[in-house]
Amino acid sequence: MRRFLFSVNGQLDAYDYDVIIVGTGIAGLYSALNIDDRLQVAVITKANIDESNSYYAQGGIAAVMSKDDNFAGHIEDTLRAGAGLCKPEAVKVLVEEGPENIRELIKMNVPFDINEDGDLQITREGGHHMRRIVHCGGDATGRETTAQLGNIALTRENLHFFFGSYLVDIVTDEKGAAGVVIHIGDDYQFIRARNIILATGGIGQVYDYTTNPLGSIGDGIAAAARAGAIVKDMELVQFHPTTLISDGKQQRLFLISEAVRGEGAILRNNRGEAFMKGKHELADLAPRDIVTRFIIEELKKTGDNKVYLDAGSMSREFFSERFPTIFAECEKRGLHLTDDYIPVRPAQHYLMGGIVTDTDGRTNIPGLYACGECAETGIHGANRLASNSLLECLVFGRRAARDINAAMKTQFIAGKEFSISTEMFCETVPVEELNSIEREMKHIMTSAAGPVRHTAEMAAAMERLDGIYAGLKDKKLDTPYAFKVFNMNAVCRMIMSGAIARKESVGSHYVVD
Ligand code: SIN
């Protein structure tokens, strides 16, 4: 694999910090807020605080917050959804540290929904045997939480935000992590630190159909792999059963939260049959991989391109209050809820694999941490349990920050410049060619690495992805778009090679032949 994306032989401007955090979803912001405020932190983000997978999360945060619930039940549901591939010790940490992190968010004034008695409202989603999910703004948990954490973070004097900056590469030396090269404006800069937390989110945009925002192409994972971090289980990609069908191509599909089924909606085919009945003990609330596959089976049987969510058991008033974002979007598209069925189909939603970490977020490279969706802690196994993802951001984001605080590695005092010599390439790739490669890779992934996979198709896809790599590896990459396409190719190859190597169907990895 090519070691660096950029070609430089000489000096870059260098800036010293104690800690670098890449990403401003909930994992990035919450870890930043948990770093000791005597440490100077560079927070790198290619977009803004309102553009991340966390921001768009609707359902909520799973945690044992009711007196009827217990840790054993949450652990059991997580392990069962993970289909035997979870790491039980990591799941235990996730579940047992959940409630204290929710209480921490409450102290930070994250506006959780409460009932008329002043208690937290708690809902249910797929794979959970009981109500266990706290939420904000009805169906706007990600937006409300990210906004509040962002508001606090922007006032912290030790947090220095680099908006609009692209993570190009992670630099390492004999001691471990040494800093990152970013592209900002038209320039490269070297941000130097011995502690780096990657919180760069998911990979959904390597597919044609995804709920993830445009930036989710896995550049943190690709950069970590180039630097020598262990990356694993990339073939374990989750497809959400219910995204809203839209006319024409949308870059990010609108999600219909599983909590809608948690409150009583059911799936029907175009003949009006409630097809999940009798298929699983949890019927419409079976784990996501299972519901997704039954939907695909139904689409094959009926020849339709969609199934329907029937929310008729809820009144219009209840629905609009409980799910204001979904209600507004459906009404905007001409659906009269809750009389009309909501047309839906599965789409890419989440990555279970990623950069391998221990329960303190540590990777195999000293000083390099990962948390949130880009990390592989072992908590999700082959299929993530609903609403464990924001919980993961909190629990492991805080753990990574605390590990750094405990070590308090000292800042570099090493001058204002940094010398680096990478491989030098001259020939660039025209934008039109990058465009066409991007489109082709998305089609390949959609057809060969979806919820139902075929051996021969995966082999052909791998060959083509390797061919694309061969065409790019000796080219000069010098724009964020060129970096993005190269990183997409790296991520696609990791997913496809993982899918080919995993011979047995498990959880979200389902091979028919
Ligand atoms: C949802 O609201 O259905 C999605 C939440 C999640 O991905 O856990």
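Residues numbered from 1 in each chain as written. Predicted model: local features only at pLDDT ≥ 70, side-chain atom pairs only at ≥ 80, totals over all residues. Heavy atoms only, no water.

1. Some points on empty space enclosed by the protein
Within this structure, the stated rule accounts for two cavities of 30 Å³ or more. There is about 60 Å³ of room inside the largest cavity. If you go around the largest cavity, the residues you meet are L85, D233, L236, M352, A375, E376, T377, G378, I379, H380, G381 and E392. When its residues are assigned to classes, the lining of the largest cavity shows five nonpolar, four polar and three charged. (1 Å grid on protein atoms, 1.4 Å probe; cavity = no way out; pocket = protein on both sides within 12 Å on 5 of 7 lines; lining within 4 Å. Points joined across faces, edges and corners; volume = space filled by probe spheres on them. Nonpolar A, V, L, I, M, F, W, Y, C, P; charged D, E, K, R; others polar.)

2. A short note on the sheet that holds strand β20 (residues 417–421)
Judged by pairing direction, the sheet is mixed, and its five strands sit side by side in the order β8-β9-β10-β1-β20 without closing on themselves. At either margin of the open sheet sits one strand with a lone partner, and together these are β8 (165–173) and β20. Between one strand axis and the next, the sheet turns through 35° on average, direction left out of account. Pairing of strand β1 (residues 9–16) with strand β10 (residues 187–192), which is carried by four bridges, proceeds in the parallel orientation. Residue pairing across strands places A14 opposite F190, the latter belonging to β10. Running over the sheet, helix α15 (residues 480–501) touches β8, β9 (176–184) and β10 and is turned about 65° from β8. (Pairing = 2+ DSSP bridges. Helix = DSSP H or I, 4+ residues; strand = E, 2+ residues; numbered from the N terminus. Axes fitted to C-alpha atoms, helices over the stretch in contact; angles between N-to-C directions. Contact = heavy atoms within 4.5 Å.)

3. A look at the site of the ligand
Taken together, G59, E125, H240, L255, S257, E258, R288, H349, R384, A386 and S387 form the complete shell of residues around the ligand. Note that an oxygen atom of the ligand is positioned 2.8 Å from one of the side-chain N or O atoms of H240. At 2.8 Å from an oxygen atom of the ligand is found a side-chain nitrogen or oxygen belonging to R384. In terms of residue class, the shell around the ligand is made up of two nonpolar, five polar and four charged. (Near = heavy atom within 4 Å. Polar contact = N/O pair within 3.5 Å; in protein donor to acceptor, adjacent residues only side chain to side chain.)

4. Notes on the sheet that holds strand β19 (residues 375–376)
Pairing within the open sheet is mixed, and its three strands lie in the order β12-β17-β19. In this open sheet, the two edge strands, each paired with only one partner strand, are β12 (231–232) and β19. Where strand β17 (residues 354–356) lies against β19, two bridges are found, and the strand directions are parallel. When the sheet's bridge partners are listed, V356 is paired in β19 with E376. Helix α7 (residues 219–227) rests against β12 and β17 of the sheet, and its axis sits at about 40° to β17.

5. Looking at the environment of G28
Take G28: it is sitting in helix α1 (residues 26–34). A relative accessible area of 1% means that G28 is categorised as buried. The spacing of G28 and E263 is 235 residues in sequence and 31 Å in space, taken between C-alpha atoms. Among all residues touching G28, those that are not within four sequence positions of it are I21, G23 and A199. (Buried < 20%, exposed > 50% of the residue type's maximum accessible area, 1.4 Å probe, protein only.)

6. Quick word on the state of the cysteines
Per the counting criterion, the structure on display carries zero disulfides. C374 provides the cysteine sulfur closest to C492, a residue in no disulfide bond, and the two sulfurs are 17 Å apart. For C492, a relative accessible area of 0% puts it in the buried group. (Disulfide = S-S within 2.5 Å.)

7. Focus on a negative patch on the surface
Taken together, the side chains of D13, D186, D187 and E417 make up a negatively charged region of the molecular surface. As for its placement among the helices and strands, D13 is situated in strand β1. (Patch = residues over 30% accessible without salt bridge, like charges linked within 9 Å, V, L, I, M, F, W, Y side chains within 5 Å. Areas by Shrake-Rupley, 256 points an atom, 1.4 Å probe, with all protein chains shown as cover. Salt bridge = Lys/Arg side-chain N within 4 Å of Asp/Glu carboxyl O. Lys, Arg positive; Asp, Glu negative; His and termini not counted. Charge placed at Lys NZ, Arg CZ, Asp CG, Glu CD.)

8. Quick notes on the nonpolar core
Residues I170, L198, I495 and M496 are the most contacted members of the largest nonpolar core, which totals 80 residues. No other element matches the twelve residues that α15 contributes to this core. Not counting the four nearest positions on each side in its chain, L198 is found in contact with V22, L167, I170, G220, A224, I355, L368, Y369, A370, C371 and C374. F112, C136, L159 and A400 belong to the second largest nonpolar core, which has 52 residues in total. (Core = buried A, V, L, I, M, F, W, Y, C linked by side-chain atoms within 4.5 Å.)

9. Some remarks on the pattern of salt bridges
Scanning the model with the defined rule gives 39 salt bridges in all. Here E273 and R271 are joined by a salt bridge, their closest N and O atoms 3.4 Å apart. Under the relative-accessibility criterion, E273 is labelled partly exposed at 38%. One continuous salt-bridge network, built from bridges that share partners, spans E97, D358, D360, R362, R399 and D403.

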